[in-house]
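Architecture at a glance
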There are 2 protein chains.
Amino acid sequence: MSPNEGISCPVPISSYPQIVVAHGGGGRLTHQLIEKIFMAAFGSPELETRHDGAVLDISERGSPNRMPRLAFTTDSYVVRPLFFPGGDIGSLAVHGSVNDLAMCGARPLFLSAGFILEEGLPMETLWRVALSMGEAARASGVRVATGDTKVVEKGKGDGIFINTAGIGVLERDLRLAPSSVREGDAILLSGDIGRHGIAVLSAREGLSFESDIQSDSAPLARPVLELIRAGLDIHCMRDLTRGGLGTALVEIAEAARVRIAVDETSIPVREDVQGACEILGFDPIYVANEGRFICFVPEKEASRALDILKSDPLAAEARSIGRVTSSHERGLVVLRSQVGATRIIDMLTGEQLPRIC
Amino acid sequence: MSPNEGISCPVPISSYPQIVVAHGGGGRLTHQLIEKIFMAAFGSPELETRHDGAVLDISERGSPNRMPRLAFTTDSYVVRPLFFPGGDIGSLAVHGSVNDLAMCGARPLFLSAGFILEEGLPMETLWRVALSMGEAARASGVRVATGDTKVVEKGKGDGIFINTAGIGVLERDLRLAPSSVREGDAILLSGDIGRHGIAVLSAREGLSFESDIQSDSAPLARPVLELIRAGLDIHCMRDLTRGGLGTALVEIAEAARVRIAVDETSIPVREDVQGACEILGFDPIYVANEGRFICFVPEKEASRALDILKSDPLAAEARSIGRVTSSHERGLVVLRSQVGATRIIDMLTGEQLPRIC
């Protein structure tokens, strides 16, 4: 029935005839899907930057006045369960898009909210989620400007799915992208990793660990804007969601074609999170976060950037975890472990924790 | 677990303890959900306009330069089946958001694309849908600037759900909204109604009617921009999606607090669509369209507006179907039937055709 039936699918049917859960995991298979299906079908210059959001130049498309550039981003949220220690799908749907805008260097202004509800969802649950979204939006300085609601039959959805798209405005003419990363850049991490993934999993599976592990879900625009307003020469930022720190580093190394060296001992992981990961067989560098980011800055600005980050409670534990050691080669991330051994890390392959965002 | 548990839900649990399919039908229950849950929880001035999209003034939020106003809109698409005569979920997801931007008086520029895929979806199906989206975007003059993909387990979704959010720019300082509608306005309809709903239903249920009924799904920006660039004093526009022409008229009458009189004989319905509606027990004024809109203009500009619309193939059958007969009263829509009788019409109540968009 489609006019496109004749154009053959660029993902070889022999390797993946069907979508598997790992296609949504944020790791290698998600990247294949983006490159082979979506880039091929949509092919827009904005997608080519391979960033968390697009930077739009509205004025180049017909306006006579020079306008500030805008950031535009979207994410759908399918986290299970809907409520978890430290957050819920509503606050997560706000923080996620606010953070993607911040990673573009933008001040978040407006969100859209698209709901896909499953028949039979308790009205009270929808109300609690909507209230939480509204509170998170006010706390993040954004307004929900437009929305949409669809309902699917029981068994065709899973309670609530939310999509938020966000619009923000760039205050400075920074070009934050993997392509701006340079040899010698320091890599700053805003805090301890792994809490969001473990908090969601423990709520889902009814696991209880020695201490109560809360999600790190939080809006990152404030510390990011402090960095930007300080006039620092930031090269790239990325929040550490699906696929965790490890996947984010590999994504940037590959897109920038640089070699990255990271010192594992410098990566903060709370003892209870480390313990939970050992029990579950997870590597914390691949566990999802929703309030953590990495930032690439020239080495000579690293100490000032850290001082600024540490002055904000959301990045109080910020530290330098490594640097870009050489450029002009195939992207590579080398991790020096606690015992001094080095290993090359790859993007998350397969699926570690489905539906954590 | 949520901090909001104490704030009681504004939809009385006695009336609707749970979400039902009709909450997504675009009629009375959808409106209750928006007013009681989402407006209460989000409460932003942009939502107060009760329009298909929001008009954003970026410059009032900190920029020194006067910027053109932007339109921002979102819609999720859950149509079943994914492919139907005259379109598919991919082209629909482009046309829907392009049309919502056009209804705000904006030239559509950029779309986001958020996919929620069900495990087991054939890769070939995703490819066909993505290709169709890409083609529809190019044909509509918009670029897909940013995207996201999530995967849910088999039985927790239904093949493909798509969310698109759109950004457009207003070329003129029109205030298109129900509140701009005035007594004496003519109501123009861009073409025949009911084809999209019947086309989707026939594909879903395997019905075959005497002739092949194709969806009217199409991008409306071109004829709308022709109206706007002609300098006409347009008061309000709305595309006739879920809930159809009837619901759109009642929505505007209620929001504008005006009385609307429509002549049923002037509403074009194709003979095969009328026949299908009679067999199925549907009233065509409530059947969904995806390429039709109504436009409120001062009576003295109606004839010029019609000439402009008719010069575009997408609105070749445009005609005047009624007018705003008085203001300052409770919103009311009166339909004069073919036999001269009048009836008051309400928004669609219950659910006529679930998941047609």
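Everything discussed here concerns the structure shown above.
Read on for an overview of the structure. What you are looking at is a predicted structure, and each value in this text was computed from that prediction instead of being measured.

What counts as what
- Residues numbered from 1 in each chain as written.
- Chains lettered and ligands numbered in written order.
- Predicted model: local features only at pLDDT ≥ 70, side-chain atom pairs only at ≥ 80, totals over all residues.
- Heavy atoms only, no water.
- Helix = DSSP H or I, 4+ residues; strand = E, 2+ residues; numbered from the N terminus.
- Rg over C-alpha atoms; globule rule 2.2 N^0.38 Å.
- Buried < 20%, exposed > 50% of the residue type's maximum accessible area, 1.4 Å probe, protein only.
- Contact = heavy atoms within 4.5 Å.
- Areas by Shrake-Rupley, 256 points an atom, 1.4 Å probe, with all protein chains shown as cover.
- Lys, Arg positive; Asp, Glu negative; His and termini not counted.
- Charge placed at Lys NZ, Arg CZ, Asp CG, Glu CD.
- Polar contact = N/O pair within 3.5 Å; in protein donor to acceptor, adjacent residues only side chain to side chain.
- Phe/Tyr/Trp six-rings, centres within 6.5 Å; stacked < 30°, edge-to-face > 60°.
- Axes fitted to C-alpha atoms, helices over the stretch in contact; angles between N-to-C directions.
- Left-handed = near helix turned anticlockwise from the far one by under 90°.
- Nonpolar A, V, L, I, M, F, W, Y, C, P; charged D, E, K, R; others polar.
- Least-squares fit on C-alpha atoms with pLDDT ≥ 70 in both.
- Pairing = 2+ DSSP bridges.

**Notes on the overall build of chain A**
Looking only at helices and strands, one finds nine helices and 14 strands in chain A. Computed over C-alpha atoms, the radius of gyration of chain A comes to 20 Å, within 12% of the 21 Å expected from 2.2 N^0.38 for 357 residues, which places it in the range of a compact globule. Along the first, second and third principal axes, the C-alpha set of chain A runs to 60 × 55 × 50 Å. The buried share of chain A, taken over its 357 residues, is 65%. The long-range fraction of contacts in chain A, counting pairs at least 24 apart against all pairs at least 6 apart in sequence, stands at 84%. When the accessible surface of chain A is summed, it comes to about 12400 Å², and 48% of that surface belongs to carbon and sulfur atoms. For chain A, the distance from the average position of its 36 positive side-chain charges to the average position of its 46 negative side-chain charges is 4 Å.

**Thoughts on the side chain of B:Asp272**
Residue and element names in this part refer to chain B. The topology assignment puts Asp-272 in helix α7 (residues 271-280). A distance of 2.6 Å separates the side chain of Asp-272 from the side chain of Arg-270, its partner in a polar contact. Among all residues touching Asp-272, those that are not within four sequence positions of it are Ser-211 and Ile-213.

**Comments concerning the packing of aromatic side chains**
All names here are of chain B. As enumerated under the stated definition, the model contains seven aromatic pairs over all chains in all. Ring geometry for Phe-38 versus Phe-42: centroids 5.8 Å apart, planes at 25 degrees, classification stacked. Of this pair, Phe-38 and Phe-42 are both found in helix α1 (residues 28-42), four residues apart, which corresponds to roughly one turn of the helix. In this structure, Phe-38 and Phe-42 share a single accessibility class: buried.

**Describing the packing of helix α6 (residues 221-229) of chain A against helix α9 (residues 302-310) of chain A**
Residue and element names in this part refer to chain A. Packing of α6 against α9 brings their axes to within 9 Å, and their N-to-C directions diverge by 145 degrees. Helix-helix and strand crossings are classified by hand; for α6 and α9 the assignment is right-handed. Two secondary-structure elements touch here, α6 through Pro-223, Glu-226 and Leu-227 and α9 through Ala-305, Ile-308 and Leu-309. For the contact of α6 with α9, the class distribution of residues is five nonpolar, no polar and one charged.

**Concerning the relation of the copies chain A and chain B**
Of the transformation placing chain A onto chain B, the axial shift is 0.0 Å and the rotation is 180 degrees, giving an RMSD of 0.0 Å. Expressed as an axis order, the relation between the two copies is that of a two-fold axis. Distance from the rotation axis, computed per C-alpha, reaches its smallest value in chain A at A:Gly157: 2.2 Å. Interface overlap between copies is the fraction of interface residues in one copy that are interface residues in the other; for chain A against chain B it reaches 100%, indicating a shared surface.

**Details of the side chain of B:Arg292**
All names here are of chain B. In this fold, Arg-292 is placed in the loop between α7 and β11 (293-298). A polar side-chain atom of Arg-292 sits 2.7 Å from the main-chain carbonyl oxygen of Asp-192. Setting aside its immediate chain neighbours within four residues, Arg-292 contacts Ser-190, Gly-191, Asp-192, Arg-195, Asp-216, Leu-220, Arg-238, Asp-239, Leu-240 and Leu-314.

**Description of unusual backbone geometry**
Peptide bonds are, in most cases, trans, and in most cases residues other than glycine have a negative phi. Residue and element names in this part refer to chain A. For the peptide bond that leads from Arg-80 to Pro-81, omega is 0 degrees, which places it in the cis range. You can see Pro-81 is positioned in the loop between β2 (70-77) and β3 (83-84). Positive phi outside glycine occurs at Arg-257, with the angle close to 55 degrees. Residues other than glycine seldom take positive phi values, yet Arg-355 does so here, at roughly 55 degrees. Of note, Arg-355 is situated in the segment after β14 (342-345). Classification of Arg-355 as buried rests on a relative accessible area of 5%.

**Quick look at the sheet that holds strand β6 (residues 143-152) of chain A**
Residues and elements named next belong to chain A. If you trace the five strands from one edge of the open sheet to the other, you get β1-β2-β7-β5-β6, paired in mixed fashion. Because the sheet does not close on itself, it has two edges, and the strands there are β1 (54-56) and β6. On average, each strand axis in the sheet is inclined to that of its neighbour by 20 degrees, with strand direction left out of account. Pairing of β2 with strand β7 (residues 160-170), which is carried by eight bridges, proceeds in the antiparallel orientation. When the bridges of β7 are listed, Asp-75 appears paired with Thr-164.

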